[in-house]
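Coordinate inspection notes
The chain contents come next:
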Amino acid sequence: MNIPVQASPERRDNVGKAFSKSYKLIIIVIDLILINLSYITAFFLKFGFDIPMFNLRPYLNAMPFITLAALIYFDMFGMIKFYRKSVNETLSNLGKLVGLLSITTVSITYFLQGFSFPRTVLLGSAFIMFIYLSIWRVCLVWIRQRLMRESFAMLIGSHEELRTIGRKIISDKAQKIAIKYAVDVTDAETALKKLEDVDEVILCPSVPDDVKALMIKECIERKKVVFAIPQLFEIALAKPRTVQFEDMPAFIIDRLGLTPEQRFFKRAFDIVLAVIGLIVSAPIMLISAILIKVTSPGPVIFSQERVTINNRVFKIYKFRTMVVDAEEKTGPVISSQHDPRVTPVGAVLRKLKIDELPQLFNILKGDMSFVGPRPERPVFANKFSAEIPAYKYRTLVKAGLTGYAQVYGKYDTSAEDKLRFDLLYIRSYSLLLDIKLLLTTVFTLFRGKNNYQRVNGLEGVHGTKRKAV
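Read on for an overview of the structure. (Residues numbered from 1 in each chain as written. Predicted model: local features only at pLDDT ≥ 70, side-chain atom pairs only at ≥ 80, totals over all residues. Heavy atoms only, no water.)

Our focus in this paragraph is the overall build of the protein. Secondary structure assignment for the protein yields 14 helices and 11 strands. At a minimum sequence separation of 6, the contacts of the protein that also span at least 24 residues come to 76%. Roughly 25800 Å² of accessible area belongs to the protein as shown, and the carbon and sulfur atoms make up 65% of that amount. (Helix = DSSP H or I, 4+ residues; strand = E, 2+ residues; numbered from the N terminus. Contact = heavy atoms within 4.5 Å. Areas by Shrake-Rupley, 256 points an atom, 1.4 Å probe, with all protein chains shown as cover.)

Attention now moves to the packing of aromatic side chains. Scanning the model with the defined rule gives 11 aromatic pairs in all. Taken together, a centroid distance of 5.3 Å and an interplanar angle of 75° make the contact between Phe264 and Phe265 edge-to-face. For Phe264, a relative accessible area of 56% gives the class exposed. Three or more aromatic residues link up through ring pairs in this structure, and these residues are Tyr39, Phe43, Phe47, Tyr59 and Phe117. Over the ring of Phe152 we find Lys180, and its NZ or CZ is 6.0 Å from the ring centre. (Phe/Tyr/Trp six-rings, centres within 6.5 Å; stacked < 30°, edge-to-face > 60°. Buried < 20%, exposed > 50% of the residue type's maximum accessible area, 1.4 Å probe, protein only. Lys NZ or Arg CZ within 6 Å of the ring centre and 35° of its normal.)

Counting residues in hydrophobic clusters, the biggest one holds 40 residues, and the most contacted among them are Phe319, Phe370, Leu419, Tyr425 and Leu437. With six residues, helix H8 (residues 260-295) is the largest single contributor of residues to this core. Those residues in contact with Phe319 that sit more than four places away from it in its chain are Met285, Ser288, Ala289, Ile292, Val300, Ile301, Phe302, Leu349, Ile354, Asp355 and Pro358. Core analysis: the second largest hydrophobic core is formed by 30 residues, Leu56, Ala62, Ala70 and Leu122 among them. (Core = buried A, V, L, I, M, F, W, Y, C linked by side-chain atoms within 4.5 Å.)

We now examine the pairing of strand E3 (residues 177-184). Burial analysis of E3 places eight of its eight residues in the buried class, which makes it a mostly covered element. Where strand E2 (residues 151-157) and E3 come together, seven bridges link them in parallel fashion. The residue of E3 that forms the bridge with Leu155 is Ala182. What joins E2 to E3 is helix H5 (residues 159-171), and the crossover it makes is right-handed. (Pairing = 2+ DSSP bridges. Right-handed = clockwise from strand over helix to strand, strands pointing away.)

Next up on the list: the pattern of salt bridges. Counted according to the given criterion, the structure contains 16 salt bridges. Between Lys217 and Glu218 there is a salt bridge, and its shortest N-O distance comes to 3.5 Å. The buried category is assigned to Glu218, whose relative accessible area is 14%. Several salt bridges share partner residues, and in doing so they unite Glu196, Lys217, Glu218, Glu221 and Arg222 into one network. (Salt bridge = Lys/Arg side-chain N within 4 Å of Asp/Glu carboxyl O.)

Counting through the fold element by element, Ser134 comes out in helix H4 (residues 119-147). Not counting the four nearest positions on each side in its chain, Ser134 is found in contact with Leu91 and Leu94.

Let us now look at empty space enclosed by the protein. Counting across every chain of the model gives one cavity of 30 Å³ or more. Quantified by volume, the largest cavity comes out at close to 100 Å³. Val307, Thr308, Glu376, Arg394 and Thr395 are the residues nearest the centre of the largest cavity, which is lined by 17 residues in total. A class-by-class count of the residues in the lining of the largest cavity yields eight nonpolar, four polar and five charged. (1 Å grid on protein atoms, 1.4 Å probe; cavity = no way out; pocket = protein on both sides within 12 Å on 5 of 7 lines; lining within 4 Å. Points joined across faces, edges and corners; volume = space filled by probe spheres on them. Nonpolar A, V, L, I, M, F, W, Y, C, P; charged D, E, K, R; others polar.)

Below you can see the structure in the form of structure tokens.
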């Protein structure tokens, strides 16, 4: 089934394809200048304009080697690739690059016997370097996003996927993807014929393996970009290790879940952060408790059964934001954006996420972690498990106060899409990832991200024209 979504009088290339080698070279040169400038700035901050040559000479001797190491790390962390790079990805890679380059600088100066290189300059330069490179690289991302034109894509999937996934792609204006063709998964022949008319191909989960392999092969040969929305089991293949049987490579698909060492460090991190969080938030919780008590009858704390690791049921704690016995008449229902059961004070607490603060006690008790899949109610967990067999794997780790799905999803993201985020988190877990998600959560709260946004229709999937994104 071939469903044309948007006609194209002429093919337009992405700005990313217009990046010339000379332009990339200019960017890298500026990167290297900023890296070395960060060391010079740190020297000025420590010594002023009268920098002792005794302290400066070790840096001057090490500068060529630091510059060479920076070039290697730029390639290692993909900093010379600009196609669809997000701000988060850019900052994450910069953090790794700066950390590794700082360690390399220590090694180089030690090897060259530059013992007079001030350690305060080394520490300060790392901080300054991250600021310089972040401002420069984020500006590049921002400029590219503003100048980038739409790319024309072909969406391949089942009829239902063409509607639901197509709606999400169209509504994501930051990606600037226009769906030119929406092709039914059974019509691979048409997809091949239309391949030259698009820049990118998006494969939905229902695409059979043989069709997926064929489309990826054709896209590689024709220099097209492929987006593959993974089936749930395919997430297990993320970040595979390799092993070699004689002269044959193979992927190792590790057990899904955390190792004993990872569980130990994650638990220690949770305890320390929960204690700090309780101390800092104590005045806020006290004021919230008073407001709840004087504005509506009923208990201050609301407890409810939720599911955590190994399907264990526990009592989650929250500040009460609804009227008492809110589900007495309706039974268990998922809260909506403008839920009439929410009290005026409760609405404010929910908006500021203050109602979640009592869960710090759940974290101290060991029922939850700071980061992990959000704990679901048993009735809904059983319902989703019956509908989605892989849903049970999200309880291989403790439930979390925040997580991938909460940071990158929406309030009405489907259970299956949230599960993709949860499984991706479990497969990719690291303490650094937990810290990143916590910082992103804080940033999201201050930015006021609207997790309640809904898309009310998808024009074009049925064949009508739509405006350019």
